[in-house]
Amino acid sequence: MKTKVSYYQKEEFRLFVTRSFPNLIQLKKEGDKASFNQLVLKIIPKIRKYVNGEFNNAIKKGNFPIDKYKANDIIDQLFIEIYNHIEEVKTENDFYMWLFKKTNELLEDIITEEEFDNLFFKNIDDYSKPEWDEMQENFSTDGGGDLLMIEELDDYSYNHNNYTLNNVFIENNDKALAEKIDKELNEEEIENHIALVLHKLPNPMRNVFELYTNEQLEIEEIAQIRNNTVAEVKQLLNDAKKALQVSFLNRYSN
């Protein structure tokens, strides 16, 4: 399968965040808030991308007013949370997870949880390729044929999550199908399909998959971030992967 350097970039970013923690603690002890904020600024772009992704999902589902909040509203509050509560973090290895927990708490305050329509999930085995293609088209446009564009989110990374088949097909018995799809589809087609299916899944399932895949967080860390049990997170992640596998099988196996 195709591999991407983004995995290693994510690992490097997490290491940078971890190593920044002692410096942030020291800067706060010294009362040097300007230098503290300058160091936090180097961490924020990755968090902003995560916030933008959550906004985008909520907007497309109609659970979030597009003109009411911007990413900066979350980021500004996150700066305050980090400075005021960084001593809550027990060790430097916990800092990365703690940032996402704080971010999720801020997002939960303003994003209304949708009522999950289980029709898609129940019927995922039955959709034909033309039906999948129509869903993809509707997902990419606003219904009137115009590509969705959201104010201030002009960064390419906003809608680019580097999903790969490695995120979906793990077991050896999936290898043949994964290799077939990998040969037939380009990276953009794979990313777009995964993004479509995740958008259709219930928010907890989607969020767990993205925290695990995009943010390189462990199962136990995601459980802490979302206030779930480890067993619940494992089930949500397995369900998300299964839905994605079935969707690829039905859309592209012929």
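Above: the structure in question.
Let me sum up the structure you'll find in this document. Only a predicted model underlies this, so the values are computations on that prediction, with no experimental measurement involved.

Parameters at a glance
Residues numbered from 1 in each chain as written. Predicted model: local features only at pLDDT ≥ 70, side-chain atom pairs only at ≥ 80, totals over all residues. Heavy atoms only, no water. Phe/Tyr/Trp six-rings, centres within 6.5 Å; stacked < 30°, edge-to-face > 60°. Helix = DSSP H or I, 4+ residues; strand = E, 2+ residues; numbered from the N terminus. Buried < 20%, exposed > 50% of the residue type's maximum accessible area, 1.4 Å probe, protein only. Axes fitted to C-alpha atoms, helices over the stretch in contact; angles between N-to-C directions. Parallel < 35°, antiparallel > 145°, perpendicular 65-115°, else oblique. Left-handed = near helix turned anticlockwise from the far one by under 90°. Contact = heavy atoms within 4.5 Å. Nonpolar A, V, L, I, M, F, W, Y, C, P; charged D, E, K, R; others polar. Core = buried A, V, L, I, M, F, W, Y, C linked by side-chain atoms within 4.5 Å. Salt bridge = Lys/Arg side-chain N within 4 Å of Asp/Glu carboxyl O.

Points about the packing of aromatic side chains
- The full count for this structure, using the stated rule, is seven aromatic pairs.
- Between the aromatic rings of Phe13 and Tyr96, the centroid separation amounts to 6.1 Å while the plane-to-plane angle is 70°, which identifies the pairing as edge-to-face. You can see Phe13 sitting in helix α1 (residues 6–29) and its partner Tyr96 sitting in helix α4 (residues 95–110), a full 83 residues away along the chain. Each member of the pair Phe13 and Tyr96 is classed as buried.
- On the basis of an interplanar angle of 80° and a centroid distance of 5.2 Å, the ring pair of Tyr50 and Phe100 is categorised as edge-to-face.

Describing the packing of helix α7 (residues 175–184) against helix α11 (residues 230–252)
- The N-to-C vectors of α7 and α11 enclose an angle of 60°; their axes lie 11 Å apart at closest approach. On the basis of the axis angle, α7 is oblique to α11. In this structure, α7 crosses over α11, and the sense of that crossing is left-handed. Along the contact surface, α7 presents Leu177, Lys180, Ile181 and Glu184, while α11 presents Phe248, Leu249 and Tyr252.
- Residue composition of the contact of α7 with α11, by class: five nonpolar, no polar and two charged.

Here we look at the nonpolar core
- Judged by nonpolar contacts, the single largest core of 70 residues is most densely connected at Phe95, Ile194 and Phe248.
- Discounting residues that sit within four places of it in the chain, Phe248 has contacts with Leu165, Val168, Phe169, Ile181, Leu185, Ile190, His193, Ile194 and Ser253.

Here we look at the pattern of salt bridges
- Enumeration over the complete set of coordinates arrives at 11 salt bridges.
- A salt bridge links Glu221 to Arg14; its shortest N-O distance comes to 2.3 Å. Taken together, the residues span a long stretch of sequence, with Glu221 in helix α10 (residues 219–226) and Arg14 in helix α1 at a distance of 207 residues.
- On the basis of relative accessibility, which here comes to 12%, the residue Glu221 falls in the buried class.
- Note on Arg14: relative accessible area 15%, which makes it buried.
- Its salt-bridge partner being Asp133, residue Lys129 comes within 3.1 Å of it at the nearest N-O pair. Of this pair, Lys129 and Asp133 both sit in helix α6 (residues 129–140), four residues apart, which is roughly one turn of the helix.

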